[in-house]
Amino acid sequence: PNGGAVVRAFATDGASLALAAGKAVQVASLTDGSLKGAFTADVEVTSAALGGGHVFAGTPGRDVLAWKAKEPAAKPMRLPAHEGGVTGVAVNPAG
């Protein structure tokens, strides 16, 4: 990803890594290094998480963006979180 600090997050299954920076989240395979998906946001992302078939990104506003992992070109769902920026996002591996 281009721009800003790079945020790294491992998938709950340990098979993928998300790199988030600027307005993008890229997901790569830890097995072979291939790019599994590139997800574009309309705002800067501050955090990322992978799991449950989804890619999540926190924003400096009060939202978490959520994409289906197999649909990187789709517009993300916008989930309101709390007042202030979302500086961390986590996924429970149990669902």
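Residues numbered from 1 in each chain as written. Predicted model: local features only at pLDDT ≥ 70, side-chain atom pairs only at ≥ 80, totals over all residues. Heavy atoms only, no water.

1. Notes on the pattern of salt bridges
Then, number 1: Tallying each qualifying case throughout the model produces three salt bridges.
Then, number 2: In this structure, Arg78 engages Asp42 in a salt bridge whose closest nitrogen and oxygen atoms are separated by 2.7 Å. Of this pair, Arg78 sits in strand β8 (residues 77-80) while Asp42 is found in the loop between β4 (35-40) and β5 (47-51), placing the two residues 36 residues apart along the sequence.
Then, number 3: Owing to a relative accessible area of 39%, Arg78 belongs among the partly exposed residues under this scheme.
Then, number 4: When salt bridges that share partners are traced, they join Asp42, Asp63 and Arg78 into one network. (Salt bridge = Lys/Arg side-chain N within 4 Å of Asp/Glu carboxyl O. Helix = DSSP H or I, 4+ residues; strand = E, 2+ residues; numbered from the N terminus. Buried < 20%, exposed > 50% of the residue type's maximum accessible area, 1.4 Å probe, protein only.)

2. Here's the deal with the nonpolar core
Then, number 1: By size, the foremost hydrophobic cluster in this structure holds 15 residues, and its most contacted members are Ala18, Val25, Val55 and Trp67.
Then, number 2: Every residue in contact with Val55, bar those within four places of it in the chain, is listed here: Val25, Val27, Phe39, Ala49, Leu50, Leu65, Ala66, Trp67 and Ala69.
Then, number 3: Counting six residues, the second largest nonpolar core, distinct from the first, contains Phe56, Val64, Ala66 and Val89. (Core = buried A, V, L, I, M, F, W, Y, C linked by side-chain atoms within 4.5 Å. Contact = heavy atoms within 4.5 Å.)

3. Structural notes on the sheet that holds β4
Then, number 1: If you walk across this open sheet you meet the four strands as β1-β2-β3-β4, and the pairing is antiparallel. Single-partner strands in this sheet number two, and they are β1 (7-10) and β4. Ignoring strand direction, the axes of neighbouring strands in this sheet form an average angle of 15°.
Then, number 2: Strand direction decides the pairing type here: β1 and strand β2 (residues 16-21), joined by four bridges, are antiparallel. Bridge assignment links Val7 to a residue of β2, and that residue is Ala20. (Pairing = 2+ DSSP bridges. Axes fitted to C-alpha atoms, helices over the stretch in contact; angles between N-to-C directions.)

4. Section: the sheet that holds β5
Then, number 1: The four strands are arranged β5-β6-β7-β8 in an open sheet whose pairing can be described as antiparallel. In this open sheet, the two edge strands, each paired with only one partner strand, are β5 and β8. Strand-to-strand twist of the sheet, defined as the mean angle between neighbouring strand axes without regard to direction, takes the value 25°.
Then, number 2: Taken together, the five bridges between β5 and strand β6 (residues 54-58) define a ladder with antiparallel strand orientation. Bridge pairing links Ser47 to Gly58 in β6.

5. Some details on the packing of aromatic side chains
Two numbers describe a pair of aromatic rings. These are the distance of the centres and the angle of the planes.
Then, number 1: Enumeration over the complete set of coordinates arrives at one aromatic pair.
Then, number 2: Note on Phe39 and Trp67: the rings are 5.6 Å apart at their centroids and 55° apart in plane angle, and the pair reads as tilted. Residue Phe39 is found in strand β4, and its partner Trp67 is found in strand β7 (residues 63-68); the two are separated by 28 residues along the sequence.
Then, number 3: A residue is classified by how much of its surface remains accessible, and Trp67, at 1% relative accessible area, is buried. (Phe/Tyr/Trp six-rings, centres within 6.5 Å; stacked < 30°, edge-to-face > 60°.)

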